[in-house]
Amino acid sequence: MRRRASDRPNITSLQSHILQGEANAPGSTGDFTWILSAISLAAKAIAHKVRIARIEDVLGDHGSANIHGESQQKLDVIANEILMTCLGNRPSVGIVASEEDDEPTLLRKDAEGGKYGVIFDPLDGSSNLDVGVGVGTIFSIYRNDPSLIGPNQTMCQAGSKQVAAGYVLYGSSTVFVLTTGRGVDMFVLDPMIGSFVLVKSQIRIPTAGKIYSVNEGNRRTFPAGFSRYLDWAQDQGYSSRYIGSMVADVHRTLLKGGVFLYPPTKKNPEGKLRLMYEANPIAMLMEQAGGQAISGPDDRILDIQPTGIHQRTSVVLGSTDEVEAVVRHLRT
């Protein structure tokens, strides 16, 4: 039996969704919409590059290292340039900060209309591209503080001050997950119409899920509490799921429940993930979806005051019950 047109759900594009949100916000100027539109445009371009990377022979090392001493992939550089170009054309973007660059870039001052700063990891997990694993872009948006001197000081705000955060997963489909502080919504790129369309609104992470995600190859160098947790989880019949691409692992955790861990190690005692580029935006998403995100038993990630734009942190995030199970073992 064919459904009537009136029975079919309306198609809502990312652009329409954002515009509707701004229409409901008192005093909205539309600046914020243009920034998210720029990120959406960049995501489409990056998705295309990821799809044809092997055809165009842009896989593998670029031949240079980033600020963290990590070998840059060719697509890291391409994705970074795409985001810089798209965001740089938006008059309300004052500062952009990329994981691939040494310092934030000042585009325009607050007095010149640069009201917002955008922080992003252009292509998280790019070392997995050679083997077809899902990778992603992570981003967050802050309001610029004109009272602070210099781009570094302006961008080093606690994660609780983010006005929006999200990620784009380039996998079997291109998925755009976004929060503007009023819940979490998910969009999928429809290549037929060239637009991200809303597929799920107000996502809620399950309160529990017997899945943990961690690189167990580093287990011998984890603090004892994490090893105690892993022993307990395995005794309880938990499944291990670790892709090694943060966006892909987080996306599964968000939808299926469980916990994602990146503990400190002897090599990286402060943790390895970047607070500003990875931990803060993902933490905002998790909390908006009803989950938790911590760096230690008593340390909410969004409360950490950054001391540097490339600061690192340990991470435990996911379903509330599962994060609390980790905390119990860290406190034992």
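Residues numbered from 1 in each chain as written. Predicted model: local features only at pLDDT ≥ 70, side-chain atom pairs only at ≥ 80, totals over all residues. Heavy atoms only, no water.

### A look at the pairing of strand β7 (residues 164–170)
Inference 1: The buried fraction of β7 is high, at seven of seven residues.
Inference 2: Side chains Ala164, Gly166, Val168 and Tyr170 of β7 all project onto a buried face; the interleaved residues Ala165, Tyr167 and Leu169 project onto the opposite face, where all are buried too.
Inference 3: Where strand β6 (residues 135–143) lies against β7, seven bridges are found, and the strand directions are antiparallel. By the bridge assignment for β7, Ser140 is matched with Ala165.
Inference 4: The pairing of β7 with strand β8 (residues 174–179) spans six bridges and is antiparallel. Note that in β8 the partner of Leu169 across the bridge is Val175.
Inference 5: Hairpin connection of β7 to β8: three residues between the antiparallel strands. (Buried < 20%, exposed > 50% of the residue type's maximum accessible area, 1.4 Å probe, protein only. Helix = DSSP H or I, 4+ residues; strand = E, 2+ residues; numbered from the N terminus. Pairing = 2+ DSSP bridges.)

### Observations regarding a nonpolar patch on the surface
Inference 1: Where nonpolar side chains cluster on the molecular surface, the patch consists of Ile11, Met192 and Ile193 and spans about 410 Å² of accessible area.
Inference 2: Along the chain, the position of Ile11 falls in the segment before α1 (14–23).
Inference 3: What makes Ile11 exposed here is its relative accessible area of 71%. (Patch = residues over 30% accessible without salt bridge, like charges linked within 9 Å, V, L, I, M, F, W, Y side chains within 5 Å. Areas by Shrake-Rupley, 256 points an atom, 1.4 Å probe, with all protein chains shown as cover. Salt bridge = Lys/Arg side-chain N within 4 Å of Asp/Glu carboxyl O.)

### Describing the sheet that holds β6
Inference 1: One open sheet holds the eight strands; their spatial order is β4-β3-β5-β6-β7-β8-β9-β10, and the pairing between them is mixed. The outermost strands of the open sheet, each flanked by one partner alone, are β4 (105–106) and β10 (195–200).
Inference 2: With five bridges connecting them, strand β9 (residues 184–190) and β10 associate as antiparallel partners. What sits directly across from Met186, in β10, is Lys200.
Inference 3: Sitting on the sheet, helix α7 (residues 275–288) is in contact with β3 (93–98), β5 (116–124), β6, β7, β8 and β9, with an inclination near 85° to β6. (Contact = heavy atoms within 4.5 Å. Axes fitted to C-alpha atoms, helices over the stretch in contact; angles between N-to-C directions.)

### So, the packing of aromatic side chains
Inference 1: Under the criterion given, the structure shown has seven aromatic pairs.
Inference 2: Centroid distance Phe139 to Phe176: 5.7 Å. Interplanar angle 55°. Geometry classified as tilted. Here Phe139 is found in strand β6, whereas its partner Phe176 is found in strand β8, with 37 residues between them in sequence.
Inference 3: The exposure class assigned to Phe176 is buried, which follows from its relative accessible area of 1%. (Phe/Tyr/Trp six-rings, centres within 6.5 Å; stacked < 30°, edge-to-face > 60°.)

### Quick look at the nonpolar core
Nonpolar side chains in soluble globular proteins generally cluster together in the buried interior.
Inference 1: Membership of the largest hydrophobic core comes to 41 residues, with the highest contact counts inside it found for Ile39, Leu87, Val118, Leu123, Ile141, Tyr170 and Phe176.
Inference 2: When residues in this core are grouped by element, the largest group, ten residues, is from helix α2 (residues 31–51).
Inference 3: Not counting chain neighbours up to four residues away, the residues in contact with Phe176 comprise Leu14, Ile39, Ser40, Phe139, Tyr167, Val168, Asp185, Met186, Phe187 and Phe196.
Inference 4: If you look at the next biggest cluster of nonpolar residues, it comprises 32 residues, including Tyr167, Leu285, Ile301 and Ile304. (Core = buried A, V, L, I, M, F, W, Y, C linked by side-chain atoms within 4.5 Å.)

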